[in-house]
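Each chain, letter by letter, is given below.
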Amino acid sequence: MATPQCIEPIVGDWYRSHGQLFEVVAIDELDDIVEIQHADGDLEEIEIADWYTRCRAGSLDIADQPEDVGQVNDREDSEAPGTVTSTMDEIRGLRADAMQDLDLFE
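Since this is a predicted model, take the numbers as computed values, not measurements.

What's the story with the packing of aromatic side chains in this structure? I'm lost.
Each aromatic ring pair is described using two quantities: the centre-to-centre distance and the angle formed by the ring planes. Scanning the entire structure with this criterion turns up three aromatic pairs. Plain terms: the ring middles of Tyr-15 and Trp-51 are 5.0 Å apart, the flat faces sit at 85 degrees to each other, and that makes the pair edge-to-face. Of this pair, Tyr-15 sits in strand S1 (residues 14-17) while Trp-51 sits in helix H1 (residues 48-57), and the two are 36 residues apart along the sequence. On the basis of relative accessibility, which here comes to 1%, the residue Trp-51 falls in the buried class. Ring geometry for Phe-22 and Trp-51: centres 6.1 Å apart, planes at 80 degrees, overall edge-to-face. Of this pair, Phe-22 sits in strand S2 (residues 20-28) while Trp-51 sits in helix H1; the two residues are 29 residues apart in sequence, bridging distant segments of the chain. Neither Phe-22 nor Trp-51 differs from the other in exposure class; each is buried. Following the ring pairs from residue to residue traces out a cluster consisting of Tyr-15, Phe-22 and Trp-51.

Looking at this model, I keep getting lost on H1. Mind explaining?
An α-helical segment advances 3.6 residues per turn. Residues three or four places apart therefore align on the same side. Taken residue by residue, H1 has Ile-48, Trp-51, Tyr-52 and Cys-55 as its buried positions. Across the axial projection of H1, the buried residues extend over an arc of 90 degrees, all falling on one side. Packed against the buried residues of H1 are S1, S2, strand S3 (33-38), strand S4 (43-47) and strand S5 (60-63). Gly-58 occupies a position one or two residues after H1 and carries a positive phi of about 80 degrees.

Please clarify how the pairing of S1 should be interpreted in this entry.
Here is the key point about a regular strand: its side chains alternate between the two faces of the sheet. Across four bridges, the pairing between S1 and S2 is antiparallel. Paired with Ser-17 across the two strands is Gln-20, which belongs to S2. What sits between S1 and S2 in their antiparallel hairpin is a turn of two residues, with His-18 showing a positive phi close to 55 degrees. Pairing of S1 with S5 involves four bridges; the strand directions are antiparallel. Bridged to Arg-16 within S5 is Asp-61.

How should I be thinking about unusual backbone geometry in this particular structure?
Backbone phi values are negative for most residues with the exception of glycine, while trans is the configuration of most peptide bonds. The backbone phi angle of His-18 is positive, close to 55 degrees, even though this residue is not glycine. Mapping His-18 onto the fold places it in the loop between S1 and S2. Residue classification places His-18 among the exposed residues on the basis of a relative accessible area of 59%. For Asp-32, which is not a glycine, the phi torsion comes out positive at approximately 55 degrees. A relative accessible area of 36% places Asp-32 in the partly exposed class.

How each quantity is defined
Residues numbered from 1 in each chain as written. Predicted model: local features only at pLDDT ≥ 70, side-chain atom pairs only at ≥ 80, totals over all residues. Heavy atoms only, no water. Phe/Tyr/Trp six-rings, centres within 6.5 Å; stacked < 30°, edge-to-face > 60°. Helix = DSSP H or I, 4+ residues; strand = E, 2+ residues; numbered from the N terminus. Buried < 20%, exposed > 50% of the residue type's maximum accessible area, 1.4 Å probe, protein only. Arc of directions from axis to C-beta. Contact = heavy atoms within 4.5 Å. Pairing = 2+ DSSP bridges.

This is how it looks when you write it as structure tokens:
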């Protein structure tokens, strides 16, 4: 599917497109999707056709891994499912705010 002048997506490699720095974290060949994670931690899916369109247009380049990528990965690990990142005061505050939204007399 790729033409010789195009860059193949490789899991673990970093790229830059439209000023955005990102890493390829998965490739779903069945659905033709490239899953990327931006340097700020946001996840996005790109159709493989869009990947090659960006490549042919010259808006996709191989990039170096950012120096602070460890900080991004540390933050993601702390936000992983099953980890507690909220304090009890934050949790109590959320419950109190939610109660104000309830109409008990409906």
